[in-house]
Amino acid sequence: MSSPPGSDALIEARSLTKRFDQLMAVDSVDFDVRRGEAFGFLGPNGAGKTSTMRMIGCTSPLTAGSLRVIGMDPVTQSSEIKARIGVVPQMDNLDIELTVRENLEMYARYFDVPRDIAGPRIDELIEFVQLTEKAKSKVEPLSGGMKRRLTIARALVNEPELLLLDEPTTGLDPQARHLVWDRLYRLKQRGVTLVITTHYMDEAEQLCDRLVVMDNAKIVTEGSPRDLIARHSTREVLELRLSDDERGRLKEWVDGISDRVEWLPDRVLLYTSSGDEALATIHERGIETETALVRRASLEDVFLTITGRSLVE
Amino acid sequence: MNAAKVVRRNVTVFWRAWRFSFFLSVLSPVMFLSAMGLGLGSMVSETDAFGGVDYVDFFATGMLAATCMQAGVFNATYPIMMKMMWQRNYEAMLASPLEVRDIFLGELASIGLMLAQVAVPFAGVMALFGVFDSPMAILAIPVAVLLGLACASVIMAFTATLQTDEAYTWLFRFVVTPLFLLSGTFFPIDELPLWGKVVAQATPLYHGVELVRQLAIYELEASALWHLGYLLVMLGIGTALGMRNLERRLVP
Ligand SMILES: Nc1ncnc2c1ncn2[C@@H]1O[C@H](COP(=O)(O)OP(=O)(O)OP(=O)(O)O)[C@@H](O)[C@H]1O
Ligand SMILES: [Mg+2]
C-alpha cells in the first residue's frame, strides 16, 4: 500500500513501532494515507489503534520506525503539524467549566485563529454539528451524541486538512451514529482527509475508502472494504443456530456445501456463494435449525477469517 | 506566548466566581488577625520573644506567608489532577499547538495570579491593623507569592506522578499542617528544641516567613539573600522537575 516518492501521501508510516516497557502496542506497521481519502484502522480492543493515532497526532513519541505527517516530522515539528490537523479523541475531553460556544472560542485561541475569523467560523461549526440551540449550555448536561458532535466541531476550529477520529461513534445510539456519519461524509466531500479508528465493521464499510485491519499490534490485512471482503470471504454468509445434536450431524458432511465453516460458541457460519442454496440443502437433509439467516459478507467475516476471533466480544 | 493561553483559560473560569473569592481573601485575614492577633495578642504582653514587636505583627506576617504556602500547595493538587486525569483538559490542549511546557508554565503563572489575589487583600487588611510601618513592607507581597509558587511547582511535580488522589490526605495531614504549625508562624522557632529548629530551618515556609518579617516588621539583614535564594532555587528545581514529570505523564 506504499506510494511512490513524491506522491500525495498525507501520512507515511514505515516500520512504525510503539512499545510501553515490555508491551508492544504497535509493532512495525507500514501504511500511507492519501490526501482526500477516508482511511480506517479496524481492530478489536487493545489492537494498537489509539497508540497509532497518538503518534500521528504528535502526542506520543515513536519507539522506532519513521513517520511523516503532512510532510513533516512529528518529533521536531509537532506544533506545526498540530496546527494543521484536528483530533477527536477516543474519550471526550471537553472543558466542562465552559459552555458549548466557549469551548470552541477557547480552542480557537489555542490555535491562534484571529478573533474576527473565529467568530463567524464558530457560528458555522455550531450549526454544522446541529448544536445551535445548545450554544449557551454548559457541556455537562449534553447527551453523549451532542458531546461527540461538539468534540468534532472543536477539532475543526483550525480548518484542518487532516482529521483524526478515534472511535467517533462508540457508545452512541444508532440515530446519533448516523448523524455523526453524515457530518463526516460531508467533511470528506469538502476535501478533508479522514483517519478513523473503529471496531464497528459497518462504520468502516460506510466511511472508509481504504482501511487496514489491526490485531495484536500488527496490520493483518489492508485494502478497500469491498476488496477485503472479496479477498477474504465469500459473497454470502449463512448464520445458523442449532442444538448440539444437530451441530454434530451437520459437521459430518457440511464441508461439501460451503467453502469454509466457523463454529462459534453460539452460532455456525457457513461461507458460501449462495446462502439460500446451502440452507435448502441442509433442510433437505432433515437438519432442524433454530434460526437461519442469509446475509452479505462483511468486514466482521474478514476479521474472523484472518484471526479466528470475533471483532467485538 | 502559548503559556498565556492556558492562563487565559484559567482566568476565564476563575473570573466567574471572583466576587466570592475576593470576599474570602479579605474575610480570612480579618478573622485571623482579630481572633489570634488581637484576641490572643492582648494576653501576650511580653514582646521580647517576638523581636520587640506586638504579637499581632508577628502573627500576621507569619500568617501571610503560611496562607500563600497553603494556597500554593492546594492549587497544585486537586485542581491540577482534575485537569490532568479526570477532565483530561491537558490532553485537549496538547492536541492543539500547545506543548507540555506551555501547560506547566501556564498553570504556574495562573497559580501566581491566584496567590496575588490572596496576598494583596491580606496585606491590605494587615495595613489596616497597623502592622506595617515601612514602605519596604510592600515587598512582602511578592515574597509571599514567590513562597507559594515555589511550593506549587514542587507539588505539581509530585501531582504529575500520581495515579490517585490518596496521597493528598497524607500530604496535607503530615506535611502541610506540621509546616504550618512549626515553621515560626505562631511562635519563634527559637522556642523549639534543637532538632526542631534544624528541621524548621530546612522548610520553605521558614524562609518565606523570615523574609516577609524582615521586610515588613524587622530590619533587613544579610540573611535575606539566603532566604530569597532558597525560594528561588526551590522554584527552579520544582519547575524543571515538574516539566519533566508532566512530559512523561502526558506524552507517554
Ligand atoms: N500509556 C500506556 N502505558 C502502557 N500501556 C499502554 C498505554 N497506552 C496503551 N497501552 C497498551 O497498549 C496496547 C494498545 O492499546 P491501544 O489503546 O492503542 O489499543 P486500541 O486499539 O486503541 O484499543 P481500544 O479499542 O480498546 O481503544 C494495549 O495493550 C494497552 O494496554
Ligand atoms: Mg483506542
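None of these values were measured; they are calculated from a predicted model.

## Description of the coordination of the magnesium ion (ligand 2)
Residues and elements named next belong to chain A.
Stage number 1. Donor atoms from the polypeptide that bind the magnesium ion (ligand 2) are T50 (OG1) and Q90 (OE1), placed at 1.9 to 2.2 Å. Of this pair, T50 sits in helix α1 (residues 49–56) while Q90 sits in the loop between β5 (85–88) and α3 (100–110); the two residues are 40 residues apart in sequence, bridging distant segments of the chain.
Stage number 2. Taking the relative accessible area as the measure of exposure, T50 reaches 26% and is therefore partly exposed.

## A closer look at the sheet that holds strand β6 (residues 162–166) of chain A
All names here are of chain A.
Stage number 1. Taken in spatial order, the six strands of this open sheet run β5-β6-β7-β3-β8-β9, and their pairing is mixed. Strands with a single pairing partner mark the edges of an open sheet, and in this sheet they are β5 and β9 (218–223). If you compare each strand with its neighbour and ignore which way they point, the axes differ by 15° on average.
Stage number 2. The sheet contacts of helix α5 (residues 144–155) involve β5 and β6, and relative to β5 the element is tilted by about 165°.
Stage number 3. Sitting on the sheet, helix α6 (residues 174–189) is in contact with β3 (38–42), β6 and β7 (193–198), with an inclination near 150° to β7.

## Details of the environment of R285 of chain A
Residues and elements named next belong to chain A.
Stage number 1. Locating R285 in the fold gives a position in the loop between α10 (275–284) and β13 (291–296).
Stage number 2. Assessed through its relative accessible area of 46%, R285 is described here as partly exposed.
Stage number 3. R285 sits 58 residues away from D227 along the chain, and the two C-alpha atoms are 35 Å apart.
Stage number 4. With residues near it in sequence (within four places) discarded, R285 still touches R249 and W253.

## Remarks on the site of ligand 1
Stage number 1. The full set close to ligand 1 counts 15 residues, and G46, K49, T50, S51 and Q90 of chain A are the nearest of them.
Stage number 2. Lying at an intersection of chains, ligand 1 is approached by residues of chains A and B.
Stage number 3. Take G48 of chain A: an N or O atom from its main chain is 2.9 Å from an oxygen atom of ligand 1.
Stage number 4. At 2.8 Å from an oxygen atom of ligand 1 is found a side-chain nitrogen or oxygen belonging to K49 of chain A.
Stage number 5. Of all the elements in the fold, those that place two or more residues in the shell around ligand 1 are β2 (23–34) and α1 of chain A.
Stage number 6. Looking at which element gives the most residues to the shell around ligand 1, the answer is α1 of chain A, with three residues.
Stage number 7. Per-class residue counts for the shell around ligand 1 are six nonpolar, seven polar and two charged.

## Here's the deal with α3 of chain A
Stage number 1. Buried within α3 of chain A we find V100, N103, L104, M106, Y107, A108 and Y110 of chain A.
Stage number 2. Residues of α3 of chain A that are buried make contact with α4 (115–128) and α5 of chain A together with α1 (3–15) and α5 (89–94) of chain B.
Stage number 3. A positive phi of about 60° marks D112 of chain A, the residue just after α3 of chain A.

## Some thoughts on α5 of chain A
Residue and element names in this part refer to chain A.
Stage number 1. Between the first and last C-alpha of α5 there are 17 Å, a value that for twelve residues agrees with the 16 Å anticipated at 1.5 Å per step.
Stage number 2. Burial of α5 is extensive: nine of the twelve residues sit out of reach of the surface.
Stage number 3. Within the sequence span of α5, burial applies to G145, R148, R149, L150, T151, I152, A153, R154 and A155.

## Describing the domain arrangement of chain A
Stage number 1. Domains assigned within chain A are domain 1 (9–223) and domain 2 (234–296).
Stage number 2. Computed over C-alpha atoms, the centres of domain 1 of chain A and domain 2 of chain A are 40 Å apart.

## Some words on the pattern of salt bridges
Stage number 1. Per the stated rule, a full pass over the model turns up 30 salt bridges over all chains.
Stage number 2. Its salt-bridge partner being R16 of chain B, residue E102 of chain A comes within 2.6 Å of it at the nearest N-O pair. Here the residue E102 of chain A occupies a position in helix α3, and R16 of chain B occupies one in the loop between α1 and α2 (18–40), the pair thus bridging two chains.
Stage number 3. Between D182 of chain A and R183 of chain A there is a salt bridge whose closest N-O contact spans 2.8 Å.
Stage number 4. Given the relative accessible area of 7%, R183 of chain A is considered buried.
Stage number 5. One salt-bridge network, held together by shared partners, links E239, R241, D266, R267, R295 and D301 of chain A.

## Some points on the interface of chain B and chain A
Stage number 1. Each partner contributes to the interface: chain B provides 22 residues, whereas chain A provides 30 residues.
Stage number 2. A combined buried area of about 2300 Å² lies between chain B and chain A, and 51% of that area is made up of carbon and sulfur atoms.
Stage number 3. Counting the surface chain B buries against chain A, the share from its top three residues, K5, P97 and P252 of chain B, is 23%.
Stage number 4. Summed over the shared surface of chain B and chain A, the result is four salt bridges.
Stage number 5. With a closest N to O distance of 3.0 Å, K5 of chain B and D112 of chain A form a salt bridge.
Stage number 6. Between the two partners, chain B and chain A, sit 18 residue pairs in polar contact (both at pLDDT 80 or more).
Stage number 7. Every element with two or more residues in the side of chain B that touches chain A is listed here: α1 and α5 of chain B.

## Section: the sheet that holds strand β1 (residues 9–20) of chain A
Residues and elements named next belong to chain A.
Stage number 1. Spatial strand order, β2-β1-β4: three strands in an open sheet with antiparallel pairing. Each having just a single partner strand, β2 and β4 (64–69) make up the two edges of the open sheet. Within the sheet, the average angular offset between the axes of one strand and its neighbour, ignoring direction, is 15°.
Stage number 2. Pairing of β1 with β4 involves five bridges; the strand directions are antiparallel. Paired with A13 across the bridge in β4 is L67.

## Topic: the packing of helix α7 (residues 140–159) of chain B against helix α11 (residues 223–250) of chain B
All names here are of chain B.
Stage number 1. The N-to-C vectors of α7 and α11 enclose an angle of 25°; their axes lie 7 Å apart at closest approach. Regarding the angle of α7 to α11, the classification is roughly parallel. Seen along the crossing, α7 lies across α11 with a hand that is left-handed. From α7, L146, L147, L149, A150, C151, S153, V154, A157 and T159 reach across to α11, where they touch L228, L231, L232, M234, L235, G238, T239, L241, G242, N245 and R249.
Stage number 2. Residue composition of the contact of α7 with α11, by class: 13 nonpolar, six polar and one charged.

## Remarks on the packing of aromatic side chains
Stage number 1. According to the stated counting rule, one finds 16 aromatic pairs over all chains in the structure shown.
Stage number 2. When the ring of F59 of chain B is compared with that of F186 of chain B, the centres are 5.6 Å apart and the planes differ by 40°; the resulting orientation is tilted. You can see F59 of chain B sitting in helix α3 (residues 55–75) and its partner F186 of chain B sitting in the loop between α8 (166–182) and α9 (194–202), a full 127 residues away along the chain. F186 of chain B shares its class with F59 of chain B; the two are buried.
Stage number 3. Aromatic side chains F74 of chain B and F172 of chain B sit 6.4 Å apart centroid to centroid with 40° between the ring planes, which places their arrangement in the tilted category. On the criterion of sequence distance, the pair formed by F74 of chain B in helix α3 and F172 of chain B in helix α8 is long-range, its members being 98 residues apart.
Stage number 4. F74 of chain B gets classed as partly exposed once you look at its relative accessible area, which sits at 38%.
Stage number 5. Linked through ring pairs, F32, Y55, F58, F59, F180 and F186 of chain B together constitute an aromatic cluster.
Stage number 6. Its end group placed over the ring of Y200 of chain A, R177 of chain A keeps NZ or CZ at 4.2 Å from the ring centre.
Stage number 7. Over the ring of W253 of chain A we find R285 of chain A, and its NZ or CZ is 4.4 Å from the ring centre.

Rules of the game
- Residues numbered from 1 in each chain as written.
- Chains lettered and ligands numbered in written order.
- Predicted model: local features only at pLDDT ≥ 70, side-chain atom pairs only at ≥ 80, totals over all residues.
- Heavy atoms only, no water.
- Donors = N, O, S within 2.8 Å, 3.2 Å for Na, K, Ca; no water.
- Helix = DSSP H or I, 4+ residues; strand = E, 2+ residues; numbered from the N terminus.
- Buried < 20%, exposed > 50% of the residue type's maximum accessible area, 1.4 Å probe, protein only.
- Pairing = 2+ DSSP bridges.
- Axes fitted to C-alpha atoms, helices over the stretch in contact; angles between N-to-C directions.
- Contact = heavy atoms within 4.5 Å.
- Near = heavy atom within 4 Å.
- Polar contact = N/O pair within 3.5 Å; in protein donor to acceptor, adjacent residues only side chain to side chain.
- Nonpolar A, V, L, I, M, F, W, Y, C, P; charged D, E, K, R; others polar.
- Expected span 1.5 Å × (residues − 1).
- Domains from an automatic or database assignment.
- Salt bridge = Lys/Arg side-chain N within 4 Å of Asp/Glu carboxyl O.
- Buried area = accessible area lost by both parts, 1.4 Å probe.
- Parallel < 35°, antiparallel > 145°, perpendicular 65-115°, else oblique.
- Left-handed = near helix turned anticlockwise from the far one by under 90°.
- Phe/Tyr/Trp six-rings, centres within 6.5 Å; stacked < 30°, edge-to-face > 60°.
- Lys NZ or Arg CZ within 6 Å of the ring centre and 35° of its normal.

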